[in-house]
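# Structural overview
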Amino acid sequence: MDFNVKKLASDAGVFFSRAMQFTEEKLGQAEKTELDAHFENLLARADCTKNWTEKILRQTEVLLQPNPSARVEEFLYEKLDRKVPSRVTNGELLAQYMAEAANDFGPGTPYGKTLIKVGETQRLLGAAERDFIHTASITFLTPLRNFLEGDWRTISKERRILQNRRLDLDACKARLRKAKAAEAKATAEQELRLAQTEFDRQAEVTRLLLEGISSTHVNHLRCLHEFVEAQSSYYAQCYQSMLQLQQQLGSFSGTFVGNADSTSPLPATASPPAAAAGPLPAVPTIPVVPTLAGVPSTVAESVLNPSEVQPPASGTRKARVLYDYEAADSSELALLADELITVYSLPGMDPDWLIGERGNQKGKVPVTYLELLS
């Protein structure tokens, strides 16, 4: 019991001495042993690595799981050392809703059949997302967490010890300067040598750990490459799935074109063209040439020749032009913003286009450049 009391008293005295030394340094009333420039650079580099690793880690977590509640739940499971429950992705949930809607609307109807096709693709996208999140967590997030919770904690601990050793060293220097008697000076010099030895040893340990930050950068660089590979593979899977879906929908797109004799209104589209938002990089797509069911494509193409078609007796509408449009060839009609034209659709025609008429002029026009009027 007496030993423990003495130890506590000794620790309290050391803590008080260091606190006094630190306060005097801050007030400029005591000298401070400075570390060399190389050591200071190592410290700054380590702090920079820690700060940016934290930011990159947190933002990557947000990228992989945008839902903050889900992130908190996953964090708690990890801290409790329990397996995180499998969670349905948004794509998989959307696929489920589409499949159920198709059953209600009729899986044999054009809408129901399309819902099934799109739902299957959404399910594939959701599964690809799940694989990407799992791979990115293992190859990228885990190494970053291991650094912050392992190596960085060790570095921080040794830096605190070095700080205490420096305070002890400076306190010994201060006592030596204040010593008057020879015996007091001898005692102060012995304490100073011991404190200097402890400080130098701890400085070397800390320096080696700080220099290991270079290895950390190399490891994180490798992990970054793996993250990019996983992300690239994920987006490639998504792209291929969407291309296949586009082919499947294009193969029976004529099914969704309204009858030319129908009096039902055309859907109004007022989406701005890509050119209105500035030039975008070209994205390779598979061209879709819609045809009439049971009619050869050459026949369908001849039917869609604007110079030869006649407007239907009913089903025409007025449309206001939203943006200027320059015709790409003689089959298209150039447009001026805010003008009014007559538009109608034909069987087998691409649903993204309509036939437009302005006086004696006639040609194909893009739906996205029009506001269909009632």
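Refer to the structure presented above.
Not measured: the values here are computed from a predicted model.

Cut-offs applied
- Residues numbered from 1 in each chain as written.
- Predicted model: local features only at pLDDT ≥ 70, side-chain atom pairs only at ≥ 80, totals over all residues.
- Heavy atoms only, no water.
- Helix = DSSP H or I, 4+ residues; strand = E, 2+ residues; numbered from the N terminus.
- Core = buried A, V, L, I, M, F, W, Y, C linked by side-chain atoms within 4.5 Å.
- Buried < 20%, exposed > 50% of the residue type's maximum accessible area, 1.4 Å probe, protein only.
- Contact = heavy atoms within 4.5 Å.
- Phe/Tyr/Trp six-rings, centres within 6.5 Å; stacked < 30°, edge-to-face > 60°.
- Lys NZ or Arg CZ within 6 Å of the ring centre and 35° of its normal.
- Salt bridge = Lys/Arg side-chain N within 4 Å of Asp/Glu carboxyl O.
- Expected span 1.5 Å × (residues − 1).

Each helix and strand in the protein chain was counted, giving eight helices and five strands. Listed by position from the N terminus, the elements making up the protein chain come as α-α-α-α-α-α-α-α-β-β-β-β-β.

Turning our attention to unusual backbone geometry. With the exception of glycine, most residues fall at negative phi, and the peptide bonds are largely trans. Even without glycine at this site, D338 takes up a positive phi of about 80 degrees. You can see D338 is positioned in the loop between strand 1 (317–321) and strand 2 (340–344).

With that settled, the discussion passes to the nonpolar core. Ranked by internal contacts, the top residues of the largest apolar core, which has 31 residues, are F39, F132, F140 and L210. Those elements giving two or more residues to this core turn out to be helix 2 (37–64), helix 5 (110–178), helix 6 (182–211) and helix 7 (213–251). The greatest single-element share of this core, amounting to 14 residues, is contributed by helix 5. Aside from chain neighbours lying at most four places away, what touches F39 is L162, A203, T206, R207 and L210.

Let's shift gears to the packing of aromatic side chains. Counted according to the given criterion, the structure contains nine aromatic pairs. Note on F140 and F227: the rings are 4.8 Å apart at their centroids and 25 degrees apart in plane angle, and the pair reads as stacked. Placement of F140 in helix 5 and of F227 in helix 7 is noted, with a sequence separation of 87 residues between them. Each of the two residues, F140 as well as F227, counts as buried. Members of the aromatic cluster, connected to one another through ring pairs, are F132, F140, F227, Y234 and Y235. Note that K55 overlies the ring of W52, its terminal NZ or CZ placed 4.6 Å from the centroid. The ring of W353 carries K364 above its face, with NZ or CZ at 5.6 Å from the centroid.

In the structure shown here, the tally under the stated rule is 16 salt bridges. Between E371 and R320 there is a salt bridge whose closest N-O contact spans 2.7 Å. Here R320 lies in strand 1 and E371 lies in strand 5 (residues 370–372), a separation of 51 residues in the sequence. When its relative accessible area of 27% is taken as the criterion, R320 is described as partly exposed. A cluster of three or more residues bridged by salt bridges with shared partners is formed by R58, E61 and R145.

So, about helix 6. Think of an α-helix as 3.6 residues a turn; residues three or four steps apart then line up on the same face. Here helix 6 contains 30 residues, and its C-alpha end-to-end distance of 43 Å stays within 8% of the 44 Å for a straight helix at 1.5 Å per residue. Taken as a whole, helix 6 has its buried residues at A188, L192, A195, F199, Q202, A203, T206 and L210.

So, about the environment of I155. Secondary-structure assignment places I155 in helix 5. Taking the C-alpha atoms as reference, I155 lies 9.9 Å from G212; in sequence the two are 57 residues apart. The contact partners of I155, leaving out residues within four places of it in the chain, are L209, L210 and I213.

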